[in-house]
Protein chains: 2
Amino acid sequence: MMREQEKILNLAVEKILNYLEENQNPATPVVNYQSANLLQENFDLSLPEKGIGLEESIPIIESYLNHTTRTSSPKFFNQLWGGFEITGLLAEMVTSAANTSMYTYEVAPVATLIELKLIETLNNIIGFNNGEGVMVTGGTNANMIAMLCARNKFVPEAKKDGLDDKKLVAFVSDKSHYSFLKAANLLGIGTSNIIKVKSDIRNRMDVNALESAIQLAIIDGKTPFFVGATAGTTVAGAFDPLLDIAEVTKKYNIWLHVDGSWGGPVLLSEKHKHLLTGSELADSFAWDAHKLMGVPLICSFLLVKEKGTLFEVCSSGGTDYIFHDDENYSYDLGKISLQCGRKVDALKLWLSWKCYGTSGYGARIDRLFELTRYVTEYIRDSPDLELLIEPEFVNICFRYHPANGNFSAKELDSINLEIREKLMRSGQALVNYANYNGQMAIRLILANPEITEKDLDGFFSSFIQAAIAITKS
Amino acid sequence: MMREQEKILNLAVEKILNYLEENQNPATPVVNYQSANLLQENFDLSLPEKGIGLEESIPIIESYLNHTTRTSSPKFFNQLWGGFEITGLLAEMVTSAANTSMYTYEVAPVATLIELKLIETLNNIIGFNNGEGVMVTGGTNANMIAMLCARNKFVPEAKKDGLDDKKLVAFVSDKSHYSFLKAANLLGIGTSNIIKVKSDIRNRMDVNALESAIQLAIIDGKTPFFVGATAGTTVAGAFDPLLDIAEVTKKYNIWLHVDGSWGGPVLLSEKHKHLLTGSELADSFAWDAHKLMGVPLICSFLLVKEKGTLFEVCSSGGTDYIFHDDENYSYDLGKISLQCGRKVDALKLWLSWKCYGTSGYGARIDRLFELTRYVTEYIRDSPDLELLIEPEFVNICFRYHPANGNFSAKELDSINLEIREKLMRSGQALVNYANYNGQMAIRLILANPEITEKDLDGFFSSFIQAAIAITKS
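Cut-offs used in this document
Throughout this document, residue positions are counted from 1 along each chain, in the order its sequence is written. Chains and ligands are labelled sequentially in the order written, the chains with letters from A and the ligands with numbers from 1. Selection of residues for local features in this predicted model requires a pLDDT of at least 70, selection of side-chain atom pairs for listing and counting requires 80 or more, and totals for whole chains, interfaces and linings are taken over all residues. The side-chain values count all of the structure's non-hydrogen atoms but skip hydrogen atoms and water molecules. Secondary structure elements follow DSSP: runs of H or I of four or more residues count as helices, runs of E of two or more count as strands, with numbering from the N terminus. Taken over C-alpha atoms, the radius of gyration is set against a globule rule of 2.2 Å times the number of residues to the power 0.38. Note on classification: 1.4 Å probe, protein chains only; a residue is buried when its accessible area is under 20% of the maximum for its type, exposed when over 50%, partly exposed between these limits. Contacts are assigned to residue pairs that have any heavy atoms within 4.5 Å of one another. Surface accessibility in these figures is a Shrake-Rupley result with a 1.4 Å probe; residues are shielded only by whichever protein chains are displayed. Between the N-to-C directions of two axes lies an angle of 0 to 180 degrees, each axis being a line fitted to C-alpha atoms and, for a helix, fitted only over the stretch in contact. Oblique is the label for every angle not falling under 35 degrees (roughly parallel), over 145 degrees (roughly antiparallel), or within 65 to 115 degrees (roughly perpendicular). What makes a crossing left-handed is the near helix being turned counterclockwise from the far one by less than a right angle; a clockwise turn instead makes it right-handed. For this classification, Asp, Glu, Lys and Arg are treated as charged, while Ala, Val, Leu, Ile, Met, Phe, Trp, Tyr, Cys and Pro are nonpolar and the rest, including Gly, are polar. A pair of strands is treated as paired once DSSP finds two or more bridges between them. Buried area: the accessible area, evaluated with a 1.4 Å probe, that two parts lose upon being put together, summed over both parts. Each salt bridge in this description consists of a side-chain nitrogen of Lys or Arg and a carboxyl oxygen of Asp or Glu lying within 4 Å of one another. Residues reaching a pLDDT of at least 70 in both copies supply the C-alpha atoms on which the copies are superposed by least squares. Residues belong to a common nonpolar core when they are buried Ala, Val, Leu, Ile, Met, Phe, Trp, Tyr or Cys residues joined through side-chain atoms within 4.5 Å. These domain limits were set by an automatic method or by a database of domain assignments. A residue's pLDDT is the predictor's confidence in that residue, given on a scale from 0 to 100. Only rings of Phe, Tyr and Trp enter the pairing, Trp through its six-membered ring, and a pair is recorded when the two centres are within 6.5 Å. The plane angle decides the type: under 30 degrees is stacked, over 60 is edge-to-face, the rest tilted. Each cavity reported here is a set of points on a 1 Å grid over the protein atoms alone in which a 1.4 Å probe fits but cannot get out, each pocket an open set with protein on both sides within 12 Å along at least five of seven lines, and each lining residue one with an atom within 4 Å of a point. Grid points are joined across faces, edges and corners, and a volume is the space filled by probe spheres set on the points. Between N or O atoms, a polar contact is any pair within 3.5 Å; within protein, one atom must be a potential hydrogen donor and the other a potential acceptor, and residues adjacent in sequence are included only when both atoms are from side chains.

A. Just the overall build of chain A, in detail. Within chain A, the secondary structure is distributed over 14 helices and 12 strands. A globule of 473 residues ought to have a C-alpha radius of gyration of about 23 Å, and chain A, at 24 Å, matches this closely. Overall, the C-alpha framework of chain A stretches about 65 × 65 × 45 Å when taken along its three principal axes. The buried share among the 473 residues of chain A stands at 67%. Of the contacts made within chain A by residues no fewer than 6 positions apart, 74% connect residues no fewer than 24 positions apart. Counting every atom, chain A has about 16000 Å² of accessible surface; 49% of that belongs to carbon and sulfur.

Structure below.
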């Protein structure tokens, strides 16, 4: 049995290495684009009554890899993550082979200590001196649990008795992530009780507008309980001014959460951490390591300033079959989690951190900012491109807009959409787009530090070529 | 770079294979038990400023594996999962190397189709003819989303406006999982509005008691909206009578959810699927593949009978930057998910299913029932052991209770607790315990089909030896 397993594992490693090597080949398309309808015809999805046997798994793996979108390709700029770190793969292999669950120390002794070590480290970086935390299932989940903490602090009887008013209101910027709306739905607060505060010209929450909105809500008989500031917005990459916001939340006694899912790790860069000045004034903080820190999805944390909050807010009765009052009881992380069974997500970050060091992450982030500067200047120097937002982070929003062209706003939108589609369908590049102040912005994300200036030149060359082909036809 | 990666990956495979091989050696302890305090001294958790380099990851991996609880050891009976499947490891390696996110078809084309194929297949097995579903972060999460579906169906304005009464009440058996309490906290319903219906002598929800509880709640001015039936309870492994419960939920127009996190896959066994007769009458169903089907954690589904429900209940605004109205829009699974970024959990189950087939799962489950019979008879034949519950599934609750002993109830509890502790600390076995009707029950779970009758003989031999040592001292 072991011999067969060895053979098949070594074959799989070979296929994976081939795949990773192909990703680095400039001739490899970022995706062999096929619509869902077509791919269903070309890929055998069927689940047989009788198994096809282990040997057959290798060609299936190959085919799977051939049909994936190559997120570690230097042509992938689509999302707030990308690239490949071997330490992440190693850790996920070990995690899977050791297959355990994060609820109790007894079944996950070393993984529990590793998760706690990461939480302690992140709390130190944020500036939570008596903090706690838990790994969660993503930034969306972290934002929701933060709002739950705030809700149950403001309405302590909600946990046991439920909610019976519609008075709670939360405040986020109009550039914040949609997860706050999801949280309001889940928690019985209601999406209409999420007040979107307008942002300034730099896409940062306008603090005067925040204070006015809070005052208005109070006059309306509402109870402001939660402000969700964002460190690194999804489209523009803006950082809300934490110091100023914290002054307001302190004045009105409101829970301050920082959604640092995207920009939180900037705290690891000596050069750029000023973007998050004031992080220690928050009550909670969402941190994703699978975005800017490059470990495989999912690797997310919710950090909380005041120890004891998570147990108070998240624990429940009925757990005596699993949590036993023994010498390791205080290490049973399941007691403060909203999950029961939970995968080990800590090992990949911890192993990567061991190998690259804190300074490695600093260098990684500085390099991404450097690449951003390169792209920004490239766009500024190009008569055919328009920079739509002055980048504060590694999000670059721009569009095709030739100086000598004569296109209407609507035409520009549709040309840029077409360029993006053409690049995707040809596999030349995957870059996303978003509506930005009513116009279509191409959003290029620099999350993969292996990307070079040459790769970026190649991207823009394809982009302009596609634009010319489209506008000439 | 590739050469270095190849070397390190092959070394990691070697270490993992050694680990798996050791797990099969009868001399290997299930855990090298150390308290959290001690382990922190013996394991270098530190995160350095300067990285230690990739080469060093191999001894770290070895050390991590040596300190894990060996969940694929034939001495591990502790939890509702266990064992090792090579297909699971292969798929997790590929998932990690291809590192993508389940929100959109464009970044996860083949993984999206695979997840949809699994959902279609599971719906067919449950009997949902026009069903839908989504992969979630565990059974606890599935139960919560099911309750959210029911809440928003009963109070459609809750999503937008929030909850403003405390009238909603849900019903579960007194043997159900604690996740329903967590869900009630989260959703603003309140844990006191979860009515625990008493169970019968076989630990199944008492349907008459359910109907009485519903009637009482209505008289009280409450709104019964949700019944959570359990297929495979956590301690006893009981299956609530779905047909009878469905009659009640239909009569009173209440959402019927089945928590099949543990027992759902019994539907794959021709011989035992009768335990879930009536599954097609439910409105939603939680299914974990990482328990009875043996794939690595987490691999969970929420299946819903009526297509369109999840979008209605879970979607939010503010998503135009990510979900684009193109030809693949209907395949963007993020629209119906409560997560934004989401790991690919589908590949491991799909690949395993391909290799072993539906019939392979049937045989696996039948074998676990067969092992249960063996253990049951072993306990019955032993004058020193007492079977506390007649097993209906693969949970065996028993205790040390020698026929010729003269121990009080309290002494029996403490002796059994001590036996369990002794087995864990010596690494001879890991088996859990629970309070069952006021007495301490050893709960042995048979989730790993590689376990043999000989392994079980070995377990009981260690158990009795420990008991004798404890009672003699």
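B. Focus on the packing of helix α13 (residues 409-425) of chain A against helix α14 (residues 453-472) of chain A. Residue and element names in this part refer to chain A. Between α13 and α14, whose axes approach to 9 Å, the crossing angle comes to 120 degrees. Comparing the axis directions of α13 and α14 gives the class oblique. Seen from above, α13 lies across α14 with right-handed handedness. Along the contact surface, α13 presents Ile-415, Asn-416, Glu-418, Ile-419, Lys-422 and Leu-423, while α14 presents Phe-459, Ser-462, Phe-463, Ala-466, Ala-467, Ala-469, Ile-470 and Thr-471. For the contact of α13 with α14, the residue count by class is nine nonpolar, three polar and two charged.

C. Structural view of the side chain of Thr-372 of chain B. All names here are of chain B. The residue Thr-372 is located in helix α12 (residues 346-381) in this model. According to the relative accessible area criterion, Thr-372 is buried, its value standing at 4%. The residues touching Thr-372, leaving out its near neighbours within four places in the chain, are Pro-391, Phe-393, Val-394, Ile-396 and Leu-446.

D. How the structure looks around the sheet that holds strand β1 (residues 76-77) of chain A. Residues and elements named next belong to chain A. On the basis of which strands lie adjacent, the open sheet formed by five strands has the order β1-β11-β12-β10-β9 and mixed pairing. Strands at the two margins of the open sheet, each flanked by one partner only, are β1 and β9 (385-387). Where strand β10 (residues 395-400) lies against strand β12 (residues 439-445), four bridges are found, and the strand directions are antiparallel. Pairing of Cys-397 across the sheet is with Arg-443, part of β12. Each of β9 and β10 is contacted by helix α12 (residues 346-381), which is oriented at about 125 degrees to β9, the strand it contacts most. Packed on one face of the sheet, α13 meets β10, β11 (430-436) and β12 and runs near 110 degrees to β10.

E. Looking closely at the interface of chain B and chain A. Facing the 151 residues of chain B at the interface are 151 residues of chain A. Regarding the contact of chain B and chain A, the summed buried area is about 13100 Å², with carbon and sulfur atoms giving 63% of it. For the interface between chain B and chain A, the tally reads six salt bridges. In this structure, the salt-bridge partner of Lys-354 of chain A is Asp-44 of chain B, at a minimum N-O distance of 3.2 Å. For the side of chain B that touches chain A, the leading source of residues is helix α1 (residues 2-24) of chain B, giving 13 residues. Tallied by class, the residues present in the side of chain B that touches chain A amount to 75 nonpolar, 51 polar and 25 charged.

F. A look at the pairing of strand β11 (residues 430-436) of chain B. All names here are of chain B. Of all seven residues that make up β11, six are buried, and the element is covered over most of its length. Judged from the two bridges that link them, strand β1 (residues 76-77) and β11 form a sheet pairing that is parallel. Residue pairing for β11: Phe-77 is matched across the bridge by Val-431. By the bridge criterion, five bridges tie β11 to strand β12 (residues 439-445) in an arrangement that is antiparallel. When the bridges of β12 are listed, Ala-434 appears paired with Ala-441. Connecting the antiparallel pair β11 and β12 is a turn made up of two residues, with Asn-437 showing a positive phi of about 50 degrees.

G. Region of interest: the relation of the copies chain B and chain A. Of the two same-sequence chains, chain B is brought onto chain A (RMSD 0.0 Å, axial shift 0.0 Å) by a rotation of 180 degrees. Such a turn and shift between the copies fits a two-fold axis. Of the C-alpha atoms belonging to chain B, the one lying closest to the rotation axis is found on Asp-164 of chain B, 2.0 Å away. Same-surface contact between copies: 100% of interface residues of chain B are shared with the interface of chain A.

H. Representation of the nonpolar core within the structure. Leu-446 of chain A together with Leu-446 of chain B are the most contacted members of the largest nonpolar core, which totals 250 residues. Setting aside chain neighbours within four positions, we find Leu-446 of chain A in contact with Phe-77, Leu-368, Leu-371, Thr-372, Val-375, Val-394, Ile-396, Ile-451 and Leu-456 of chain A. Counting residues in each nonpolar core, the second largest holds 70 residues, with Leu-168 and Ala-184 of chain A together with Ala-170 and Val-313 of chain B among its members.

I. Just the domain arrangement of chain A, in detail. Taken domain by domain, chain A holds domain 1 (2-30 + 32-68), domain 2 (101-343) and domain 3 (354-472). Using only C-alpha atoms to locate each centre, domain 1 of chain A and domain 3 of chain A end up separated by 31 Å.

J. Structural context of the pattern of salt bridges. Per the stated rule, a full pass over the model turns up 58 salt bridges over all chains. In this structure, Lys-7 of chain B engages Glu-55 of chain B in a salt bridge whose closest nitrogen and oxygen atoms are separated by 3.3 Å. Residue Lys-7 of chain B is found in helix α1, and its partner Glu-55 of chain B is found in the loop between α2 (36-42) and α3 (57-66); the two are separated by 48 residues along the sequence. Salt-bridge contacts for Lys-273 of chain B lead to Glu-270 of chain B; the nearest nitrogen and oxygen are separated by 3.2 Å. Taking relative accessible area as the criterion, Glu-270 of chain B reaches 65% and is therefore assigned exposed. Salt bridges linked by common partners bring Glu-106 and Glu-327 of chain A together with Arg-420, Glu-421 and Arg-425 of chain B together as one network.

K. Local environment of the confidence of the model for chain A. Residue and element names in this part refer to chain A. With 100% of its residues at a pLDDT of 70 or more, chain A shows a mean pLDDT of 97. Mean pLDDT values over the elements of chain A span from 94, in helix α1 (residues 2-24), up to 99, in strand β7 (residues 284-288). Both scores are available for the predicted complex, with the pTM at 0.98 and the ipTM at 0.98.

L. Molecular detail of the packing of α12 of chain A against α14 of chain A. Residues and elements named next belong to chain A. Running from N to C, α12 and α14 point in directions that differ by 35 degrees, and their axes come no closer than 11 Å. Every pair of crossing elements has a handedness; the one defined by α12 and α14 is right-handed. Across from Arg-367, Leu-371, Tyr-374, Val-375, Tyr-378 and Ile-379 in α12, the residues of α14 making contact are Glu-453, Leu-456, Asp-457 and Phe-460. Among the residues forming the contact of α12 with α14, the class breakdown is seven nonpolar, no polar and three charged.

M. Layout of the sheet that holds β11 of chain B. Residue and element names in this part refer to chain B. Ordered by their spatial adjacency, five strands build an open sheet running β1-β11-β12-β10-β9, and the pairing between neighbours is mixed. Either end of the sheet is taken by a strand with one partner, and the two such strands are β1 and β9 (385-387). Sheet strands touched by helix α13 (residues 409-426): β10 (395-400), β11 and β12. Its angle to β10, the strand with the most contacts, is close to 110 degrees. In the packing of helix α14 (residues 453-472) onto the sheet, the strands contacted are β1, β9, β10, β11 and β12, and the crossing angle to β10 comes to about 30 degrees.

N. Molecular detail of the packing of aromatic side chains. According to the stated counting rule, one finds 38 aromatic pairs over all chains in the structure shown. Arranged with centres 6.1 Å apart and planes meeting at 45 degrees, the rings of Phe-285 of chain A and Trp-287 of chain A form a pair that is tilted. Taken individually, Phe-285 of chain A and Trp-287 of chain A each receive the classification buried, so the pair is uniform in this respect. Ring centres of Phe-398 of chain B and Phe-463 of chain B lie 5.2 Å apart, and the angle between their planes is 55 degrees; this geometry places the pair in the tilted category. A residue pair is termed long-range when its members are at least 10 positions apart, and Phe-398 of chain B in strand β10 and Phe-463 of chain B in helix α14 qualify at 65 residues. For the pair shown, Phe-398 of chain B and Phe-463 of chain B are each scored as buried. Among the aromatic side chains, those forming a connected cluster through ring pairs are Phe-77, Tyr-374, Tyr-378, Phe-398, Phe-459, Phe-460 and Phe-463 of chain A.

O. Molecular detail of the layout of surface pockets. Quantified by volume, the largest pocket comes out at close to 730 Å³. As for the largest pocket, its lining consists of 31 residues, of which Gln-24, Ser-72, Pro-74, Glu-450 and Asp-455 of chain A are closest to the centre. Where the lining of the largest pocket is concerned, the elements lending two or more residues are α1, α12 and α14 of chain A together with α1 of chain B. The leading source of residues in the lining of the largest pocket is α14 of chain A, at five residues.

P. Looking closely at the side chain of Ser-176 of chain A. Residues and elements named next belong to chain A. With respect to the secondary-structure elements, Ser-176 resides in the loop between β3 (168-173) and α8 (179-186). The class of Ser-176 is buried, set by a relative accessible area of 14%. Within the structure, Ser-176 has its side chain in polar contact with the backbone oxygen of Ser-173 (distance 2.9 Å).

Q. Just the environment of Ser-199 of chain B, in detail. All names here are of chain B. Structurally, the position occupied by Ser-199 is in the loop between β4 (194-197) and α9 (207-219). Overall, the relative accessible area of 14% leaves Ser-199 in the buried class. A sequence separation of 69 residues divides Ser-199 from Leu-268, and the C-alpha atoms of the two residues are 26 Å apart. Sequence-distant contacts of Ser-199, that is, excluding residues within four places in its chain, are made with Asp-174, Lys-175, Arg-204, Met-205 and Asp-206. At a separation of 2.6 Å, a polar atom in the side chain of Ser-199 contacts the side chain of Asp-174.

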